[in-house]
Amino acid sequence: MAGVLRLGLTGGIGSGKSTVAALLAHLGAAVMDADAIARSVTAPGGPAIPLIRHTFGDEMITVEGALNRDRMRSLAFADASARKRLEAIIHPLVEQETWHQADAGAAAGHRCLVFDVPLLVESAHWRAKVDAVLVVDCTVPTQIQRVMARSQLDASAVQTIIAAQSPRLRRLQAADAVVFNDSMSLQVLRAEVDKLAARFGLSLTANPDRLHQA
């Protein structure tokens, strides 16, 4: 992938990471969404389903044949070893599909590949596979407020999810650039993303829907 910028994108739940990814995609970057890929491999007929059934039993599979996310979430938060067994199934499949999409993006002419990986900082190998890390950050109260507003979770449930993620300081220490998305309007956030594109040596051409490495 010579001449292609590989940008790692991460942030805690409710930080606005997905919005930043969408803005980068609008500029022409190819975005590999690890969460979306994880959902696809655990959907009915997904390659992770037989392995999950064998490891955790039929009770972790819905009648439609997908991963029962609610049951698995409860088990994973209560039992760290169960979470590790689940990750050992899903992560290799997600990484395989991520790089398949990245190769396709580079072949299609995208000069910026964005790896949207929630666990990028926690991973032992992801940092070495990207050229720079962009962290989308906000305060914990803002995280809780945003997640409660978009889901059926209460504050304590959101706090449990936040506690299971990498500490905010650890993400910030791993960052090459930070977007502090605490009270930004979408317009201001878009302007910040444009600035970051320039900082990473990226610039818009005559075609505003494509982002190329300078």
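Residues numbered from 1 in each chain as written. Predicted model: local features only at pLDDT ≥ 70, side-chain atom pairs only at ≥ 80, totals over all residues. Heavy atoms only, no water.

Draft legend 1. Looking closely at the overall build of the chain. Across its full length, the chain carries nine helices and seven strands. For 214 residues, the compact-globule estimate of 2.2 N^0.38 gives 17 Å, and the chain sits close to it at 18 Å. In terms of its C-alpha atoms, the chain occupies a principal-axis envelope of roughly 55 × 40 × 30 Å. Counting all 214 residues of the chain, 43% fall into the buried class. (Helix = DSSP H or I, 4+ residues; strand = E, 2+ residues; numbered from the N terminus. Rg over C-alpha atoms; globule rule 2.2 N^0.38 Å. Buried < 20%, exposed > 50% of the residue type's maximum accessible area, 1.4 Å probe, protein only.)

Draft legend 2. Up close: the nonpolar core. The biggest cluster of nonpolar side chains holds 32 residues, and the ones touching the most others in it are Ile52, Phe56, Ile90, Leu113 and Phe115. Listing elements by their share of this core, those giving two or more residues are strand 2 (30-33), helix 2 (34-41), helix 3 (49-56), helix 5 (80-107), strand 3 (112-116) and strand 4 (132-137). Broken down by element, this core gets its largest block of residues, nine residues, from helix 5. Among all residues touching phenylalanine 56, those that are not within four sequence positions of it are Met72, Leu75, Ala82, Arg85, Leu86 and Ile89. In this structure, Leu5, Leu27, Val136 and Phe200 belong to the second largest nonpolar core, which totals 21 residues. (Core = buried A, V, L, I, M, F, W, Y, C linked by side-chain atoms within 4.5 Å. Contact = heavy atoms within 4.5 Å.)

Draft legend 3. Expanded view of the packing of aromatic side chains. For the structure shown, the criterion picks out three aromatic pairs. Ring geometry for tryptophan 99 against phenylalanine 115: centres 4.9 Å apart, planes inclined by 45°, an arrangement best described as tilted. Taken together, the residues span a long stretch of sequence, with tryptophan 99 in helix 5 and phenylalanine 115 in strand 3 at a distance of 16 residues. For the pair phenylalanine 115 and tryptophan 126, a centre-to-centre distance of 5.4 Å together with 50° between the ring planes defines the contact as tilted. Placement of phenylalanine 115 in strand 3 and of tryptophan 126 in the loop between strand 3 and strand 4 is noted, with a sequence separation of eleven residues between them. In this structure, phenylalanine 115 and tryptophan 126 share a single accessibility class: buried. Among the aromatic side chains, those forming a connected cluster through ring pairs are Trp99, Phe115 and Trp126. (Phe/Tyr/Trp six-rings, centres within 6.5 Å; stacked < 30°, edge-to-face > 60°.)

Draft legend 4. Examining the side chain of threonine 10 more closely. Structurally, threonine 10 is set in strand 1 (residues 5-11). Taking the relative accessible area as the measure of exposure, threonine 10 reaches 0% and is therefore buried. At a separation of 2.9 Å, a polar atom in the side chain of threonine 10 contacts the main-chain carbonyl oxygen of valine 117. Apart from the residues within four sequence positions on either side, threonine 10 is in contact with Lys17, Val117, Pro118, Leu119, Leu120, Val121, Val133, Leu134, Val135, Val136 and Arg171. (Polar contact = N/O pair within 3.5 Å; in protein donor to acceptor, adjacent residues only side chain to side chain.)

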